[in-house]
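Notes for the structure review
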Amino acid sequence: MKQTKIVNAFLDLLSKYSRADEEILGVDMSPGFIRVARLKIKDNKWSVLNLIERPIDSNLSLIDQSNLYTDTLKDILEKEKIKTKNVAISIPVSNAIIKVIEMPSMTDNEIQSAIEYESLWENIVRISEDLSQYTIFHQIIKRHIKTNKMDLLFVASKVSDINAYNKIINNAGLETIIIDVKCFATRNAFDIGMQENATKQDEAIAIVEFGSVENYLLIVKDNAPHITDIFVKDSDTRDLERGSFSDEDLEGFFSRYTMQVRQILSDYETKYSSEHIKTLYVISDMVNIRNYLELLSNSLSGLNIIFYDPFSYLSISTREKDLVKKHKNKSVFTAAIGLASRSLDIFGYYKYTTGVKNINLLPDRLKIKKKKQANVLLRLLIIVILTLSVGIGGIQYLILSNEKNTLLKRVVPYTKLKIELDEKNAVLAKIIAEKKRMDK
């Protein structure tokens, strides 16, 4: 146990050191927009260094207009003079498979062996398609010692979808080191304020995205996520954005929408014997979302509806503050903020402590981790060598200084004798001169 604590403490120091030197650019690519955030953390306080939003004027899907996103991203980097190369991006919830699976307890080595022999996911995850076409992330969230079972988080997405998003970043001259799912990127933004927020850490957090593209309800407790899609017809989202619903149709829509929300919350509380969820945070990509918040709140009476502001616990510069003040819907930056707060965690410490904050669907993430590990360890080696060199040089200086002082003490009698000798030589010279004069 003591050895484990020492190892964890050492990994903690390494992780904190690497994180301090690991600046990440959060890039949220949504239909019609690209949003970029760059953050800085000091003394557990986050501040915004860059916050940019650019519209993408096209009706095509993101994959079909990847060149437009790449060009826009290049323009942002050039005009904002951003030098950061490491990027975290997110994929839509609709492009991911997310499950929390209860299964017999296994060690990390047993899980890895089962994965290598292609027997684990086939047995516990029921997906009709070939799993080899997916990139998979998994993590043990909780172990139940009494029942000898564990909860395992399983997140997967098609490699083709991942590559399409990654291509935009690579073509812009950047390097993707983290690929998250939007709902978890949103959840990560909440962590920034959790230390100062009065909300208890062990309470379930419920977040609903009421959007034009995605609609889902995410509940997280003890880092275990529970995510459920909310069905909304495309025609309804178009009418909401245009504001073309009649009062009667609008009332009917919110009745259907909130009925799904209540059912999801009720099912969660029953399944997990959870306390009654009292607060529901709302985020949205709709510009006119404030027109519907009162209707949403009235339809969900008994719930405290909070329209989430990701800048509540962030320090913002004057330029970014002007952008935030003018924006009608601050919640659209939530995913970008959450992505910018991520860490690659190259030494694997935070995967044991932060749950859903570690999701990374990048196919070659292990290679990137090893590469970053090598860079950090090389820098540490250089620091150690320089420190040792300075230390050895300092010791040698002290030794030489001590020897110098000893020699100086030893030559003190010689200096006195030399002075006496010089005086006597002077007297002798005078006597010799006087003798010569007398001889003449």
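Residues numbered from 1 in each chain as written. Predicted model: local features only at pLDDT ≥ 70, side-chain atom pairs only at ≥ 80, totals over all residues. Heavy atoms only, no water.

Focus: the overall build of the chain
Along its length, the chain carries 13 helices and 14 strands. A burial count over the chain gives 44% of its 440 residues as buried. When contacts within the chain are restricted to residue pairs at least 6 apart in sequence, those whose partners lie at least 24 apart make up 71%. (Helix = DSSP H or I, 4+ residues; strand = E, 2+ residues; numbered from the N terminus. Buried < 20%, exposed > 50% of the residue type's maximum accessible area, 1.4 Å probe, protein only. Contact = heavy atoms within 4.5 Å.)

With respect to the layout of surface pockets
In this structure, the second largest pocket encloses a volume near 960 Å³. Lining the second largest pocket are 39 residues, with Pro31, Ser212, Val213, Glu214 and Asp285 positioned closest to its centre. Of all the secondary-structure elements, those providing two or more residues to the lining of the second largest pocket are strand E1 (25-30), strand E2 (33-42), strand E4 (86-91) and helix H7 (234-242). The leading source of residues in the lining of the second largest pocket is H7, at four residues. Split into classes, the residues belonging to the lining of the second largest pocket amount to 18 nonpolar, eleven polar and ten charged. (1 Å grid on protein atoms, 1.4 Å probe; cavity = no way out; pocket = protein on both sides within 12 Å on 5 of 7 lines; lining within 4 Å. Points joined across faces, edges and corners; volume = space filled by probe spheres on them. Nonpolar A, V, L, I, M, F, W, Y, C, P; charged D, E, K, R; others polar.)

Here's the deal with helix H5 (residues 159-171)
The end-to-end C-alpha separation of H5 is 18 Å, in line with the 18 Å expected for 13 residues at 1.5 Å each. Along H5, the residues classified as buried are Asp161, Ile162, Ala164, Tyr165, Asn166, Ile168 and Ile169. For H5, the elements touching its buried residues are E1, helix H2 (66-80), E4, strand E6 (134-144), strand E7 (149-158) and strand E8 (175-181). Remark: Gly173 follows H5 within two positions and exhibits a positive phi of approximately 85°. (Expected span 1.5 Å × (residues − 1).)

A word on helix H9 (residues 290-299)
For H9, the complete set of buried residues consists of Tyr292, Leu293 and Leu296. With its buried residues spanning 120° around the axis, H9 presents them on a single face. Away from the buried face of H9 by more than 90 degrees, exposed residues Asn291, Glu294 and Asn298 are located. Buried-residue contacts for H9 involve strand E9 (205-210), H7, helix H8 (247-271), strand E12 (279-283) and strand E13 (304-307). (Arc of directions from axis to C-beta.)

Remarks on the sheet that holds E6
If you walk across this open sheet you meet the three strands as E5-E7-E6, and the pairing is antiparallel. Of all strands in the sheet, those bounded by a partner on one side alone are strand E5 (96-104) and E6. Across this sheet, the average inter-strand angle for adjacent strands is 20°, counted without regard to direction. Where E5 meets E7, nine bridges bridge the pair, whose relative direction is antiparallel. Residue pairing across strands places Glu102 opposite Asp151, the latter belonging to E7. Contacting E6 and E7, H5 crosses the sheet at an angle of about 65° to E7. (Pairing = 2+ DSSP bridges. Axes fitted to C-alpha atoms, helices over the stretch in contact; angles between N-to-C directions.)

Looking at the nonpolar core
Within the largest apolar cluster, 62 residues are counted, with the highest numbers of intra-cluster contacts made by Val27, Met29, Ile98, Val155, Val181, Cys183 and Ile337. Among the nonpolar cores identified, the runner-up in size contains 30 residues, and Ile230, Phe245, Phe254 and Ile277 belong to it. (Core = buried A, V, L, I, M, F, W, Y, C linked by side-chain atoms within 4.5 Å.)

Section: the packing of H2 against H5
Direction vectors running N to C along H2 and H5 enclose 35°, while the axes themselves pass 8 Å from each other. Every pair of crossing elements has a handedness; the one defined by H2 and H5 is right-handed. In contact with Ser66, Tyr69, Thr70, Leu73 and Lys74 of H2, H5 contributes Ile168, Ile169 and Asn171. Along the lines of polarity and charge, the residues of the contact of H2 with H5 split into four nonpolar, three polar and one charged. (Left-handed = near helix turned anticlockwise from the far one by under 90°.)

Topic: the sheet that holds E9
Pairing is mixed in the open sheet, where five strands are placed in the order E11-E10-E9-E12-E13. Strands with a single pairing partner mark the edges of an open sheet, and in this sheet they are strand E11 (224-229) and E13. Strand-to-strand twist across the sheet, computed as the mean angle between neighbouring axes with direction ignored, equals 20°. Pairing geometry for E9 and strand E10 (residues 215-221), over six bridges, is antiparallel. Bridge pairing in E10 places Ala206 opposite Ile219. Against the sheet, H8 engages E9, E10, E11 and E12, with an angle of about 25° to E10.

Some details on empty space enclosed by the protein
Counted under the stated rule, the structure contains one cavity of 30 Å³ or more. Looking at the largest cavity, its volume works out to about 70 Å³. Along the walls of the largest cavity sit 13 residues, with Lys182, Glu209, Ser284, Ser331 and Val332 positioned nearest its centre. When residues of the lining of the largest cavity are traced back to their parent elements, those giving at least two are E1, helix H6 (182-194) and helix H11 (334-340).

Observations regarding the pattern of salt bridges
On inspection of all chains with the given rule, the structure shows eleven salt bridges. Taking the shortest distance from any N to any O, the salt bridge between Glu434 and Arg437 comes out at 2.3 Å. With Glu434 and Arg437 both in helix H13 (residues 412-439) and three residues apart, the pair spans about one turn of that helix. Accessibility expressed as a relative area gives 36% for Glu434, which makes it partly exposed. The exposure class of Arg437 is exposed, given its relative accessible area of 54%. (Salt bridge = Lys/Arg side-chain N within 4 Å of Asp/Glu carboxyl O.)

Quick look at the side chain of Asp236
Positionally, Asp236 belongs in helix H7. Owing to a relative accessible area of 7%, Asp236 belongs among the buried residues under this scheme. Residues in contact with Asp236, not counting those within four places in the same chain, are Phe245, Phe253 and Arg256.

These results come straight from atomic positions and should not be treated as a statement about function.
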